[in-house]
Amino acid sequence: QVQLVESGGGLVQAGGSLRLSCAASGRTFSNYAMAWFRQAPGKEREFLAAITWSGGSTYYADSGEGRFTISRDNAKNTVYLQMNSLKPEDTAVYYCAARPGYLRASMESYDYWGQGTQVTVSS
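Nothing here was measured: the structure is a model prediction, and the numbers come from that model.

**Here's the deal with the overall build of the protein**
The helix and strand tally for the protein stands at zero helices and eleven strands. Helices (α) and strands (β) of the protein occur, in sequence order from the N terminus, as β-β-β-β-β-β-β-β-β-β-β. Rg of the C-alpha trace for the protein: 13 Å, near the compact-globule value of 14 Å for 123 residues, within the 12% margin. Taken along its principal axes, the extent of the C-alpha atoms in the protein is 40 × 25 × 25 Å. Going through the 123 residues of the protein one by one, you find that 45% of them count as buried. Considering only contacts in the protein between residues 6 or more positions apart, those separated by 24 or more positions represent 58%. Accessible surface for the protein amounts to roughly 6,100 Å². Of this, 46% is attributable to carbon and sulfur atoms. Between the mean site of the 11 positive side-chain charges and the mean site of the 10 negative ones, the protein shows a separation of 5 Å.

**Description of the nonpolar core**
Leu4, Met34, Trp36, Leu81, Met83 and Tyr94 are the most contacted members of the largest nonpolar core, which totals 29 residues. Secondary-structure elements contributing two or more residues to this core are β1 (2-7), β3 (18-26), β4 (32-39), β5 (46-51), β7 (68-73), β8 (78-83), β9 (92-100) and β11 (117-122). Once you skip the residues sitting within four places of it in the chain, methionine 34 turns out to touch Leu4, Cys22, Phe29, Ala49, Ala50, Ile51, Ile70, Arg72, Val79, Ala97, Ala98 and Tyr110. One finds Ala35, Ala50, Ala97 and Tyr110 within the second-largest nonpolar core, a separate group that totals nine residues.

**Some thoughts on the side chain of aspartate 90**
Its location among the elements puts aspartate 90 in the loop between β8 and β9. Polar contacts involving the side chain of aspartate 90 include one to the main-chain amide nitrogen of lysine 87, which spans 2.8 Å. Residues contacting aspartate 90, with those up to four places away along its chain left out, are Arg38, Arg67, Phe68, Ser85, Val119 and Val121.

**A short note on the state of the cysteines**
Counted by the stated rule, this structure contains one disulfide. Two residues, cysteine 22 and cysteine 96, share a disulfide whose sulfurs are 1.9 Å apart. Taking the sign of the torsion about the S-S bond as the criterion, the disulfide between cysteine 22 and cysteine 96, at about 50°, is right-handed. Taken together, the residues span a long stretch of sequence, with cysteine 22 in strand β3 and cysteine 96 in strand β9 at a distance of 74 residues. There is no split in this pair, since cysteine 22 and cysteine 96 are both buried.

**Quick word on the environment of glutamate 46**
Tracing the chain through its elements places glutamate 46 in strand β5. Between the alpha carbons of glutamate 46 and serine 106 there is a distance of 8.7 Å; along the sequence they are 60 residues apart. Those residues in contact with glutamate 46 that sit more than four places away from it in its chain are Trp36, Phe37, Arg38 and Ser63.

What counts and how
- Residues numbered from 1 in each chain as written.
- Predicted model: local features only at pLDDT ≥ 70, side-chain atom pairs only at ≥ 80, totals over all residues.
- Heavy atoms only, no water.
- Helix = DSSP H or I, 4+ residues; strand = E, 2+ residues; numbered from the N terminus.
- Rg over C-alpha atoms; globule rule 2.2 N^0.38 Å.
- Buried < 20%, exposed > 50% of the residue type's maximum accessible area, 1.4 Å probe, protein only.
- Contact = heavy atoms within 4.5 Å.
- Areas by Shrake-Rupley, 256 points an atom, 1.4 Å probe, with all protein chains shown as cover.
- Lys, Arg positive; Asp, Glu negative; His and termini not counted.
- Charge placed at Lys NZ, Arg CZ, Asp CG, Glu CD.
- Core = buried A, V, L, I, M, F, W, Y, C linked by side-chain atoms within 4.5 Å.
- Polar contact = N/O pair within 3.5 Å; in protein donor to acceptor, adjacent residues only side chain to side chain.
- Disulfide = S-S within 2.5 Å.

So, in structure tokens, the structure goes:
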């Protein structure tokens with residue numbers, strides 16, 4: 001089992017930045033690919049970014065590429081999502097997820113999920 005806890009969400013004005021963190025515990029964090037998803041009210045959960053166990057490869061959805069950066073620190077068992085130039089349409093609950101093996105973009109590929117952290121971007 002892997003337990004994931006997100007933090008760093010909050011209220012920010014359009015154009016601002018936030019850095020989300022996801023702390024992992026349980027099995028060896030460095031064995032898992034990690035990803036960030038988000039879900040806005042009334043919408044399906046959406047893939048944002050993923051990173052391999054080593055951090056050597058990343059993959060981004062079009063919606064976040066250029067504004068969002070995923071990174072990880074295996075010594076701290078933590079994955080991050082740096083979000084810049086935030087827009088009101090980025091308002092959502094943001095989730096981190098983990099899976100053994102290589103990174104994937106589909107929600108169904110991830111075995112472990114955090115409880116989510118709310119991000120609200122005001123105009």
